[in-house]
Each structure stands twice: as C-alpha cells, then as structure tokens.
Amino acid sequence: MRERIQFCAGCGREMPYELKQSYVTRRIRKKEYVFEIAEAVCAGCGENVGVPGLLDYNAAGVERQYRELEPLFSLSDKMLLVLSYLFQIAEEITPLALQKMLYFIQGIHILLFGGEVFQEDCQAWAHGPVYKEVYEIFRDFQYNPIEDRRLTKFGNRVNELSEQERKVIGLVAESFGAYSGKTLERVTHKEAPWKEARAGCPADRRSSEVITKASIGNYFRAAAQQYDFSSVEGIRKYIDSRLRMDRS
C-alpha cells in the first residue's frame, strides 16, 4: 500500500499521515447532532494536517448522513431519545414489538409519574396501537429485528432523559424481552383503549382513530389496582393475565 505523505506544519516537513474517524457536531433545527468525518493525522506529532479534497469529502459525508437522518425529524425530540435509549438497552426489537413497547412506556409513565413521555399519539390499527410516524421509519424491517445505525447519532444525548423516564423505559425493555410482537399484540387487543377506539370498525379494516393519552392513563390507573407496574415481575404478571384470557 502506498504511504500517504503530506506537509505537516508542526513537524515542518512532509510526513506520513493516517486517516482516522472523528466526529463533528452540527446544529439542525435548534438541536445538536453528531456526524462522522475523517481527519488526517500526522504520524510524527499527531497534529492534523491539511489534505487536498478532505474538506469536500467530509462535507459530502455530512450531507449524506443528514439525508439519512432527515426522516427521523418527523418525530419529536423526546421520541428520538426514547428510541435511542430503548435500542441501547434492549437485545432485539421488531417493528411490531416496538409499537407495543412505546405504548406501554407511555402508559406506565403516565401511571407512575402523572405525565406523558412523548407528545405523539398512537392510532388504533388492526394489529394494536401504532405510532404512525415511527411505523413509517421502520416499516422496511417488516418482522425482522430493527438494526438502524441512524439512532446511534442520538446516543450521546440519552442523558437528557430524566431518571424517571429511563426507569420506565428500562422496565418495559426488560419486561417485554420474553414476548414476541405477535404475543404483545394479543395483549393490547384485550385492553379498553384500543377496543374503544376501534368500536364499530371491522377487525381487518385500517383505522386512524387516535387512542388518547387520557384513555391510556385511565386504563393503566385502573389496572394498577390489581397489578404492580413499577416492577418487571408485576408487568409480566399483567401480560400473562391478558394472555390467559385467550385460553379461558
């Protein structure tokens, strides 16, 4: 392989250099995002050296990464942070399971701490509660686990989530690990918020009817009289109780 050589101001002469991965922060829509770039580093003194064409290369790279991120900007900032943290701590998530996890995160947070986590509303689709904007972003994964590097761009910001928010996301991630997306779909089909929003709608028909946060909160508050949603064990007991309804 041909050795890369460029003049280094620190060394005062031409020196070999290496291209190394680095990161740059750019502000978009009043929020900061991190993009990957390449830096040319002198093998002698470790200082950056100017390489012809590198600025243009990095500019094109940032533009490409921005275009990849652009669909995510349809989501609220909080939803992006929730997704980023969820994918950090959960082993494997399919699009179907993700929708049910987001629904439970919202419901349990409203129950335990009295307020919503994210502003998005879910709709009463045939397969259970669905956050349409999230569905559109991950739909191509179909029934496969989601592997999306775009979410790593927000990994350095998950500390913006409150301790309470991280607690609820962690509870749901750990609780749902034992269940498939189709199993969780059966659970939500037993719950009043989804059933009431789809009242009069044929089982296989699409619906854009919103499942309100108020109905979600009311349901979880009522269910909490019987089940402990502040623990993994309690959440799993609740899920199993809904699955037993299919067998009764």
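This write-up is about the structure you can find in this document. (Residues numbered from 1 in each chain as written. Predicted model: local features only at pLDDT ≥ 70, side-chain atom pairs only at ≥ 80, totals over all residues. Heavy atoms only, no water.)

1. What about the overall build of the protein?
Okay, step 1: Each helix and strand in the protein was counted, giving 9 helices and 6 strands.
Okay, step 2: Seen along its three principal axes, the alpha-carbon backbone of the protein occupies a region of about 80 × 35 × 35 Å.
Okay, step 3: Residues counted as buried form 48% of the 248 residues belonging to the protein.
Okay, step 4: Roughly 13,600 Å² of accessible area belongs to the protein as shown, and the carbon and sulfur atoms make up 46% of that amount.
Okay, step 5: One way to put it: in the protein the 35 positive side-chain charges average out to a point 3 Å from where the 35 negative ones average out. (Helix = DSSP H or I, 4+ residues; strand = E, 2+ residues; numbered from the N terminus. Buried < 20%, exposed > 50% of the residue type's maximum accessible area, 1.4 Å probe, protein only. Areas by Shrake-Rupley, 256 points an atom, 1.4 Å probe, with all protein chains shown as cover. Lys, Arg positive; Asp, Glu negative; His and termini not counted. Charge placed at Lys NZ, Arg CZ, Asp CG, Glu CD.)

2. Quick notes on the sheet that holds strand β4 (residues 122–125)
Okay, step 1: Strands sit in the order β5-β4-β6 across an open sheet of 3 strands; the sheet is antiparallel. Lying at the two open borders of the sheet, with one neighbouring strand each, are β5 (128–130) and β6 (210–211).
Okay, step 2: Against the sheet, helix α3 (residues 95–113) makes contact with β4 and β5, and its axis sits at roughly 85 degrees relative to β5, the strand it touches most. (Pairing = 2+ DSSP bridges. Contact = heavy atoms within 4.5 Å. Axes fitted to C-alpha atoms, helices over the stretch in contact; angles between N-to-C directions.)

3. A few points about the side chain of Ser 241
Okay, step 1: Along the chain, Ser 241 turns up in helix α9 (residues 232–247).
Okay, step 2: Only 3.2 Å separates the side chain of Ser 241 from the side chain of Tyr 227, close enough to count as a polar contact. (Polar contact = N/O pair within 3.5 Å; in protein donor to acceptor, adjacent residues only side chain to side chain.)

4. Description of the pairing of β4
Consecutive side chains of a regular strand alternate in pointing toward one face of the sheet and then the other.
Okay, step 1: Two strands pair when backbone bridges link them, and β4 and β6 are joined in this way by 2 bridges, in the antiparallel orientation. Paired with Cys 122 across the bridge in β6 is Ile 211.
Okay, step 2: Pairing between β4 and β5: 3 bridges, direction antiparallel. Each bridged residue has a counterpart across the sheet, and for Ala 124 the counterpart in β5 is Pro 129.
Okay, step 3: Linking β4 to β5, which pair antiparallel, is a turn of 2 residues.

5. Quick word on α3
Because an α-helix packs 3.6 residues into every turn, residues spaced three or four apart end up facing the same way.
Okay, step 1: Here α3 spans 27 Å end to end across 19 residues, near enough to the 27 Å set by a 1.5 Å rise per residue.
Okay, step 2: For α3, the tally of buried residues reaches 17 of 19 residues, placing the bulk of the element in the interior.
Okay, step 3: The first or second residue beyond α3 is Gly 114, which carries a positive phi of 80 degrees. (Expected span 1.5 Å × (residues − 1).)

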